[in-house]
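Letter by letter, the chains look like this.
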Amino acid sequence: MTLAAAQLGADALASMPASFANLKRIDAGLLNVGYVDAGPAGGTPVLLLHGWPYDIHTYVDVVPLLAARGYRVIVPYLRGYGTTRFLSSATKRNGQPAALALDAIALLDALDIRQAIVAGCDWGARSADVLAALWPERCKGLVAVSGYLIGSQTAGKRPLPPPAELQWWYQYYFATERGRLGYEKYRRDFARLIWQIASPKWKFDNVTFERSAAALDNPDHVDIVIHNYRWRLGLAEGEARYDDIEARLAAAPPILVPAITLEGDANGAPHPEPAAYAKKYAGKYSHRTLTGGIGHNLPQEAPQAFAKAVIDVDGYAA
(Lines give C-alpha, C1' and ligand atoms only; values in the text may rest on other atoms or scores of the structure.)
Protein backbone atom coordinates (compact mmCIF):
# COMPACT_ATOMS: atom_id res chain seq x y z
CA MET A 1 0.00 0.00 0.00
CA THR A 2 1.35 3.43 -0.91
CA LEU A 3 1.70 6.29 1.55
CA ALA A 4 -0.98 8.17 -0.40
CA ALA A 5 -3.37 5.28 0.06
CA ALA A 6 -2.58 5.09 3.75
CA GLN A 7 -3.34 8.79 4.10
CA LEU A 8 -6.46 8.60 1.95
CA GLY A 9 -8.98 8.89 4.73
CA ALA A 10 -7.78 8.41 8.29
CA ASP A 11 -10.84 10.16 9.70
CA ALA A 12 -13.17 8.09 7.55
CA LEU A 13 -11.42 4.88 8.56
CA ALA A 14 -11.89 5.75 12.21
CA SER A 15 -15.65 6.00 11.70
CA MET A 16 -16.20 3.08 9.31
CA PRO A 17 -19.62 1.51 9.75
CA ALA A 18 -19.88 -2.10 10.89
CA SER A 19 -22.71 -2.46 8.39
CA PHE A 20 -24.93 -0.41 6.12
CA ALA A 21 -28.01 1.16 7.67
CA ASN A 22 -31.06 2.77 6.08
CA LEU A 23 -30.93 0.97 2.75
CA LYS A 24 -33.01 2.59 0.05
CA ARG A 25 -35.24 0.94 -2.55
CA ILE A 26 -36.21 1.98 -6.06
CA ASP A 27 -37.96 0.42 -9.04
CA ALA A 28 -35.44 0.09 -11.85
CA GLY A 29 -36.09 -1.92 -14.99
CA LEU A 30 -37.21 -5.41 -14.01
CA LEU A 31 -36.33 -4.98 -10.36
CA ASN A 32 -37.06 -3.23 -7.14
CA VAL A 33 -33.46 -2.61 -6.11
CA GLY A 34 -32.15 -2.39 -2.58
CA TYR A 35 -29.15 -0.10 -2.49
CA VAL A 36 -26.82 2.10 -0.45
CA ASP A 37 -26.70 5.80 -1.36
CA ALA A 38 -23.94 7.55 0.59
CA GLY A 39 -22.09 10.84 0.33
CA PRO A 40 -23.24 14.23 -0.95
CA ALA A 41 -26.12 14.12 -3.44
CA GLY A 42 -24.26 16.48 -5.76
CA GLY A 43 -21.01 14.54 -5.74
CA THR A 44 -19.55 12.65 -8.68
CA PRO A 45 -21.49 9.36 -8.76
CA VAL A 46 -19.65 6.08 -8.18
CA LEU A 47 -21.47 2.81 -8.84
CA LEU A 48 -19.96 -0.16 -6.97
CA LEU A 49 -21.02 -3.67 -8.06
CA HIS A 50 -20.49 -6.79 -5.93
CA GLY A 51 -20.04 -10.40 -6.97
CA TRP A 52 -20.75 -13.99 -5.91
CA PRO A 53 -20.96 -15.23 -3.21
CA TYR A 54 -20.53 -11.78 -1.69
CA ASP A 55 -22.81 -8.79 -1.28
CA ILE A 56 -22.81 -5.01 -0.80
CA HIS A 57 -20.55 -5.36 2.26
CA THR A 58 -17.68 -5.97 -0.14
CA TYR A 59 -17.62 -2.16 -0.11
CA VAL A 60 -18.52 -1.43 3.51
CA ASP A 61 -15.07 0.07 4.16
CA VAL A 62 -14.72 1.66 0.72
CA VAL A 63 -17.91 3.71 0.91
CA PRO A 64 -16.90 6.01 3.81
CA LEU A 65 -13.53 6.67 2.19
CA LEU A 66 -15.15 7.83 -1.04
CA ALA A 67 -18.01 9.67 0.66
CA ALA A 68 -15.48 11.60 2.74
CA ARG A 69 -13.87 12.75 -0.51
CA GLY A 70 -17.17 14.10 -1.82
CA TYR A 71 -18.34 11.24 -4.02
CA ARG A 72 -21.94 10.03 -4.16
CA VAL A 73 -21.57 6.26 -3.75
CA ILE A 74 -24.26 3.86 -4.97
CA VAL A 75 -23.98 0.18 -3.98
CA PRO A 76 -26.88 -2.03 -5.15
CA TYR A 77 -27.73 -5.59 -4.30
CA LEU A 78 -27.60 -7.53 -7.57
CA ARG A 79 -30.63 -9.48 -8.77
CA GLY A 80 -30.94 -12.50 -6.49
CA TYR A 81 -29.25 -10.88 -3.50
CA GLY A 82 -30.32 -9.11 -0.34
CA THR A 83 -33.38 -6.87 -0.55
CA THR A 84 -33.52 -6.68 -4.36
CA ARG A 85 -36.64 -8.30 -5.80
CA PHE A 86 -38.16 -8.87 -9.24
CA LEU A 87 -41.21 -6.74 -9.92
CA SER A 88 -42.99 -9.64 -11.63
CA SER A 89 -43.15 -13.32 -10.72
CA ALA A 90 -43.30 -14.01 -14.47
CA THR A 91 -39.84 -12.58 -15.21
CA LYS A 92 -37.23 -15.23 -16.01
CA ARG A 93 -34.66 -15.57 -13.23
CA ASN A 94 -31.84 -14.93 -15.65
CA GLY A 95 -28.22 -14.60 -14.57
CA GLN A 96 -26.58 -13.98 -17.95
CA PRO A 97 -24.11 -11.09 -18.19
CA ALA A 98 -26.24 -8.89 -20.45
CA ALA A 99 -29.14 -9.01 -17.99
CA LEU A 100 -26.93 -8.04 -15.05
CA ALA A 101 -25.36 -5.17 -16.99
CA LEU A 102 -28.75 -3.83 -18.05
CA ASP A 103 -29.83 -3.92 -14.40
CA ALA A 104 -27.03 -1.46 -13.68
CA ILE A 105 -28.06 0.82 -16.55
CA ALA A 106 -31.67 0.71 -15.37
CA LEU A 107 -30.56 1.73 -11.87
CA LEU A 108 -28.58 4.69 -13.19
CA ASP A 109 -31.62 5.71 -15.22
CA ALA A 110 -33.96 5.40 -12.23
CA LEU A 111 -31.62 7.55 -10.14
CA ASP A 112 -31.30 10.07 -12.97
CA ILE A 113 -27.55 9.59 -13.13
CA ARG A 114 -26.22 10.27 -16.60
CA GLN A 115 -22.66 9.19 -15.99
CA ALA A 116 -20.79 7.47 -13.15
CA ILE A 117 -17.45 5.97 -12.29
CA VAL A 118 -18.22 2.26 -12.41
CA ALA A 119 -16.23 -0.21 -10.34
CA GLY A 120 -16.63 -3.87 -9.50
CA CYS A 121 -15.26 -7.16 -8.26
CA ASP A 122 -16.07 -10.69 -9.48
CA TRP A 123 -19.49 -10.64 -11.21
CA GLY A 124 -19.52 -6.91 -10.55
CA ALA A 125 -16.24 -6.41 -12.43
CA ARG A 126 -17.70 -8.22 -15.43
CA SER A 127 -20.76 -5.97 -15.40
CA ALA A 128 -18.56 -2.89 -14.99
CA ASP A 129 -16.49 -4.00 -18.00
CA VAL A 130 -19.66 -4.51 -20.04
CA LEU A 131 -20.97 -1.05 -19.18
CA ALA A 132 -17.65 0.54 -20.10
CA ALA A 133 -17.40 -1.40 -23.37
CA LEU A 134 -20.97 -1.01 -24.64
CA TRP A 135 -22.18 2.16 -22.93
CA PRO A 136 -19.02 4.29 -22.60
CA GLU A 137 -21.11 7.47 -22.48
CA ARG A 138 -22.43 6.28 -19.09
CA CYS A 139 -18.98 5.60 -17.63
CA LYS A 140 -16.67 8.39 -16.54
CA GLY A 141 -14.09 5.80 -15.56
CA LEU A 142 -13.72 2.11 -14.73
CA VAL A 143 -12.08 0.15 -11.92
CA ALA A 144 -12.15 -3.61 -12.47
CA VAL A 145 -10.72 -6.24 -10.14
CA SER A 146 -9.09 -9.01 -12.22
CA GLY A 147 -9.40 -6.94 -15.34
CA TYR A 148 -11.23 -7.78 -18.55
CA LEU A 149 -13.85 -10.44 -17.74
CA ILE A 150 -16.11 -10.13 -20.79
CA GLY A 151 -16.75 -13.54 -22.33
CA SER A 152 -19.26 -15.56 -24.31
CA GLN A 153 -20.92 -18.95 -24.42
CA THR A 154 -18.63 -19.93 -27.29
CA ALA A 155 -15.56 -19.13 -25.20
CA GLY A 156 -17.09 -20.93 -22.23
CA LYS A 157 -17.39 -24.15 -24.22
CA ARG A 158 -13.68 -24.34 -25.00
CA PRO A 159 -11.84 -26.86 -22.81
CA LEU A 160 -9.04 -25.56 -20.60
CA PRO A 161 -5.88 -27.29 -19.33
CA PRO A 162 -6.68 -29.57 -16.37
CA PRO A 163 -5.30 -27.26 -13.63
CA ALA A 164 -7.51 -24.44 -14.92
CA GLU A 165 -10.55 -26.72 -15.15
CA LEU A 166 -9.97 -27.76 -11.54
CA GLN A 167 -10.34 -24.16 -10.41
CA TRP A 168 -13.82 -24.10 -11.95
CA TRP A 169 -15.01 -27.17 -10.06
CA TYR A 170 -18.12 -25.41 -8.73
CA GLN A 171 -19.24 -24.47 -12.24
CA TYR A 172 -19.40 -28.14 -13.17
CA TYR A 173 -21.11 -28.99 -9.88
CA PHE A 174 -23.77 -26.40 -10.63
CA ALA A 175 -24.30 -27.98 -14.05
CA THR A 176 -25.89 -30.98 -12.31
CA GLU A 177 -29.19 -31.25 -10.46
CA ARG A 178 -27.21 -32.58 -7.50
CA GLY A 179 -25.26 -29.31 -7.53
CA ARG A 180 -28.39 -27.20 -7.60
CA LEU A 181 -29.89 -29.10 -4.68
CA GLY A 182 -26.59 -29.00 -2.82
CA TYR A 183 -26.26 -25.25 -3.22
CA GLU A 184 -29.87 -24.74 -2.13
CA LYS A 185 -29.30 -26.80 1.01
CA TYR A 186 -25.76 -25.75 1.91
CA ARG A 187 -25.44 -22.26 0.46
CA ARG A 188 -23.78 -20.79 3.59
CA ASP A 189 -21.27 -23.64 3.82
CA PHE A 190 -20.65 -23.28 0.10
CA ALA A 191 -20.11 -19.53 0.33
CA ARG A 192 -17.73 -19.88 3.27
CA LEU A 193 -15.68 -22.44 1.34
CA ILE A 194 -15.47 -20.15 -1.70
CA TRP A 195 -14.39 -17.24 0.51
CA GLN A 196 -11.62 -19.37 2.00
CA ILE A 197 -10.38 -20.70 -1.34
CA ALA A 198 -10.58 -17.34 -3.11
CA SER A 199 -8.87 -15.39 -0.31
CA PRO A 200 -6.65 -17.90 1.49
CA LYS A 201 -4.86 -15.28 3.60
CA TRP A 202 -7.91 -13.19 4.55
CA LYS A 203 -8.75 -13.87 8.20
CA PHE A 204 -12.40 -12.85 8.15
CA ASP A 205 -14.43 -13.55 11.28
CA ASN A 206 -17.84 -15.18 11.57
CA VAL A 207 -19.64 -11.85 12.07
CA THR A 208 -18.18 -10.53 8.81
CA PHE A 209 -19.16 -13.67 6.94
CA GLU A 210 -22.71 -13.90 8.32
CA ARG A 211 -23.33 -10.23 7.57
CA SER A 212 -22.86 -10.97 3.87
CA ALA A 213 -24.23 -14.52 3.86
CA ALA A 214 -27.64 -13.17 4.86
CA ALA A 215 -27.90 -11.67 1.34
CA LEU A 216 -27.88 -15.20 -0.12
CA ASP A 217 -31.24 -15.94 1.51
CA ASN A 218 -32.95 -13.98 -1.28
CA PRO A 219 -35.70 -16.19 -2.76
CA ASP A 220 -34.28 -15.84 -6.28
CA HIS A 221 -30.65 -16.35 -5.35
CA VAL A 222 -30.23 -20.01 -6.26
CA ASP A 223 -32.06 -19.62 -9.59
CA ILE A 224 -29.85 -16.67 -10.58
CA VAL A 225 -26.57 -18.35 -9.60
CA ILE A 226 -27.37 -21.67 -11.25
CA HIS A 227 -28.54 -19.99 -14.45
CA ASN A 228 -25.44 -17.79 -14.56
CA TYR A 229 -23.00 -20.70 -14.45
CA ARG A 230 -25.03 -23.00 -16.68
CA TRP A 231 -25.46 -20.23 -19.26
CA ARG A 232 -21.68 -19.75 -19.39
CA LEU A 233 -21.25 -23.38 -20.43
CA GLY A 234 -24.10 -23.24 -22.94
CA LEU A 235 -26.23 -25.53 -20.76
CA ALA A 236 -29.01 -23.00 -20.17
CA GLU A 237 -30.85 -20.77 -22.62
CA GLY A 238 -30.70 -17.02 -22.38
CA GLU A 239 -33.43 -14.63 -23.52
CA ALA A 240 -33.86 -13.30 -27.03
CA ARG A 241 -34.05 -9.74 -25.70
CA TYR A 242 -30.32 -9.99 -24.86
CA ASP A 243 -29.10 -11.67 -28.05
CA ASP A 244 -27.78 -8.52 -29.71
CA ILE A 245 -25.88 -7.49 -26.60
CA GLU A 246 -24.36 -10.95 -26.12
CA ALA A 247 -23.30 -10.98 -29.77
CA ARG A 248 -21.47 -7.70 -29.29
CA LEU A 249 -19.81 -9.00 -26.14
CA ALA A 250 -18.73 -12.20 -27.90
CA ALA A 251 -16.58 -10.02 -30.17
CA ALA A 252 -14.57 -8.95 -27.08
CA PRO A 253 -14.95 -5.19 -27.64
CA PRO A 254 -12.18 -2.90 -26.42
CA ILE A 255 -12.71 -0.54 -23.50
CA LEU A 256 -11.98 3.08 -24.34
CA VAL A 257 -12.89 4.84 -21.09
CA PRO A 258 -10.14 5.60 -18.54
CA ALA A 259 -9.51 2.44 -16.55
CA ILE A 260 -7.52 0.95 -13.69
CA THR A 261 -7.41 -2.80 -13.14
CA LEU A 262 -6.47 -4.37 -9.82
CA GLU A 263 -5.28 -7.80 -8.75
CA GLY A 264 -4.34 -9.29 -5.40
CA ASP A 265 -1.18 -11.34 -5.05
CA ALA A 266 -3.09 -14.11 -3.22
CA ASN A 267 -6.19 -14.42 -5.42
CA GLY A 268 -7.22 -18.07 -5.23
CA ALA A 269 -10.18 -17.76 -7.61
CA PRO A 270 -9.91 -18.33 -11.38
CA HIS A 271 -8.65 -15.13 -12.98
CA PRO A 272 -6.69 -14.04 -16.05
CA GLU A 273 -3.15 -12.74 -15.84
CA PRO A 274 -2.90 -8.95 -16.28
CA ALA A 275 -0.73 -9.28 -19.39
CA ALA A 276 -3.51 -11.28 -21.07
CA TYR A 277 -5.98 -8.40 -21.04
CA ALA A 278 -3.90 -5.21 -20.95
CA LYS A 279 -4.45 -4.49 -24.65
CA LYS A 280 -8.23 -4.63 -24.23
CA TYR A 281 -8.03 -1.29 -22.39
CA ALA A 282 -7.43 1.14 -25.22
CA GLY A 283 -7.88 4.42 -23.31
CA LYS A 284 -5.79 5.81 -20.47
CA TYR A 285 -5.01 2.73 -18.42
CA SER A 286 -2.89 1.29 -15.64
CA HIS A 287 -2.74 -1.95 -13.71
CA ARG A 288 -1.92 -2.42 -10.03
CA THR A 289 -1.09 -5.69 -8.32
CA LEU A 290 -1.52 -5.47 -4.55
CA THR A 291 0.89 -7.37 -2.35
CA GLY A 292 0.61 -8.59 1.23
CA GLY A 293 -1.72 -11.55 0.78
CA ILE A 294 -4.67 -9.78 -0.85
CA GLY A 295 -7.19 -12.25 -2.26
CA HIS A 296 -10.20 -12.26 -4.55
CA ASN A 297 -12.48 -10.00 -2.50
CA LEU A 298 -10.05 -7.15 -2.98
CA PRO A 299 -12.25 -4.15 -2.04
CA GLN A 300 -13.03 -5.64 1.37
CA GLU A 301 -9.48 -6.85 1.97
CA ALA A 302 -7.77 -3.66 0.76
CA PRO A 303 -10.37 -0.87 0.90
CA GLN A 304 -7.91 2.02 0.87
CA ALA A 305 -6.16 0.79 -2.27
CA PHE A 306 -9.50 0.21 -4.01
CA ALA A 307 -10.82 3.65 -3.05
CA LYS A 308 -7.58 5.24 -4.25
CA ALA A 309 -8.01 3.53 -7.63
CA VAL A 310 -11.49 5.06 -7.95
CA ILE A 311 -10.16 8.52 -7.09
CA ASP A 312 -7.19 8.12 -9.43
CA VAL A 313 -9.31 6.98 -12.39
CA ASP A 314 -11.48 10.05 -11.80
CA GLY A 315 -8.29 12.03 -12.26
CA TYR A 316 -7.59 10.21 -15.52
CA ALA A 317 -10.94 11.41 -16.82
CA ALA A 318 -10.45 15.04 -15.79
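What counts and how
- Residues numbered from 1 in each chain as written.
- Predicted model: local features only at pLDDT ≥ 70, side-chain atom pairs only at ≥ 80, totals over all residues.
- Heavy atoms only, no water.
- Helix = DSSP H or I, 4+ residues; strand = E, 2+ residues; numbered from the N terminus.
- Rg over C-alpha atoms; globule rule 2.2 N^0.38 Å.
- Contact = heavy atoms within 4.5 Å.
- Areas by Shrake-Rupley, 256 points an atom, 1.4 Å probe, with all protein chains shown as cover.
- Salt bridge = Lys/Arg side-chain N within 4 Å of Asp/Glu carboxyl O.
- Expected span 1.5 Å × (residues − 1).
- Buried < 20%, exposed > 50% of the residue type's maximum accessible area, 1.4 Å probe, protein only.
- Core = buried A, V, L, I, M, F, W, Y, C linked by side-chain atoms within 4.5 Å.
- Pairing = 2+ DSSP bridges.
- Right-handed = clockwise from strand over helix to strand, strands pointing away.

Draft legend 1. Seen up close, the overall build of the chain. For the chain, the helix and strand inventory stands at 15 helices and nine strands. Whereas a compact globule of 318 residues would reach a radius of gyration of roughly 20 Å, the chain reaches 18 Å, a difference of no more than 12%. By principal-axis analysis of the C-alpha atoms, the chain measures approximately 50 × 40 × 40 Å. A separation of at least 24 residues holds for 80% of the contacts in the chain among residues at least 6 apart in sequence. A total accessible area of about 13000 Å² is found for the chain, and carbon and sulfur atoms account for 54% of it.

Draft legend 2. A look at the pattern of salt bridges. Going through the model one piece at a time under the given rule, you end up with 14 salt bridges. The residue Asp-37 makes a salt bridge to Lys-24 at a minimum N-O spacing of 3.9 Å. In this pair, Asp-37 is assigned in strand 2 (residues 31-38) and Lys-24 in strand 1 (residues 24-28), connecting sequence segments 13 residues apart. By sharing partners, the salt bridges in this structure join Arg-188, Arg-192, Glu-210 and Asp-217 into a single network.

Draft legend 3. Helix 11 (residues 221-232), seen in detail. Its 12 residues give helix 11 an end-to-end C-alpha distance of 17 Å, which sits within 8% of 16 Å, the value for a rise of 1.5 Å per residue. Of all 12 residues in helix 11, 11 are buried, a share of seventy percent or more. Listed as buried for helix 11 are His-221, Val-222, Ile-224, Val-225, Ile-226, His-227, Asn-228, Tyr-229, Arg-230, Trp-231 and Arg-232.

Draft legend 4. Representation of the environment of Gly-283 within the structure. Mapped onto the elements, Gly-283 comes out in the loop between helix 13 (274-277) and strand 9 (285-290). Spatially, the C-alpha atoms of Gly-283 and Ala-110 are 28 Å apart, while their sequence positions differ by 173 residues. Residues within four places of Gly-283 in sequence aside, it is in contact with Ile-255, Leu-256 and Val-257.

Draft legend 5. Local environment of the nonpolar core. In this structure, Leu-48, Trp-52, Leu-66, Trp-123, Leu-142, Phe-174 and Phe-306 are the most contacted members of the largest nonpolar core, which totals 104 residues. Element by element, the count of residues in this core is highest for helix 4 (residues 97-110), at nine residues. Aside from chain neighbours lying at most four places away, what touches Trp-123 is His-50, Gly-51, Trp-52, Leu-78, Tyr-81, Leu-100, Ile-224, Val-225, Asn-228, Tyr-229 and Arg-232.

Draft legend 6. Representation of the pairing of strand 6 (residues 116-120). Buried residues dominate strand 6, accounting for five of its five residues. Across the two faces of strand 6 the burial is the same, with Ala-116, Val-118 and Gly-120 and Ile-117 and Ala-119 all buried. Judged from the four bridges that link them, strand 3 (residues 45-49) and strand 6 form a sheet pairing that is parallel. In the strand pairing of strand 6, Leu-49 is matched with Gly-120. As judged from the five bridges shared by strand 6 and strand 7 (residues 139-145), these two strands associate in the parallel manner. When the bridges of strand 7 are listed, Ala-119 appears paired with Val-143. The handedness of the strand 6 to strand 7 crossover, carried by helix 5 (residues 123-134), is right-handed.

Draft legend 7. The side chain of Asp-220, seen in detail. By the element assignment, Asp-220 lies in the loop between helix 10 (206-213) and helix 11. Its relative accessible area of 9% is what places Asp-220 among the buried residues. The contacts of Asp-220, once residues within four sequence positions are left out, are Gly-80, Phe-86 and Arg-93.

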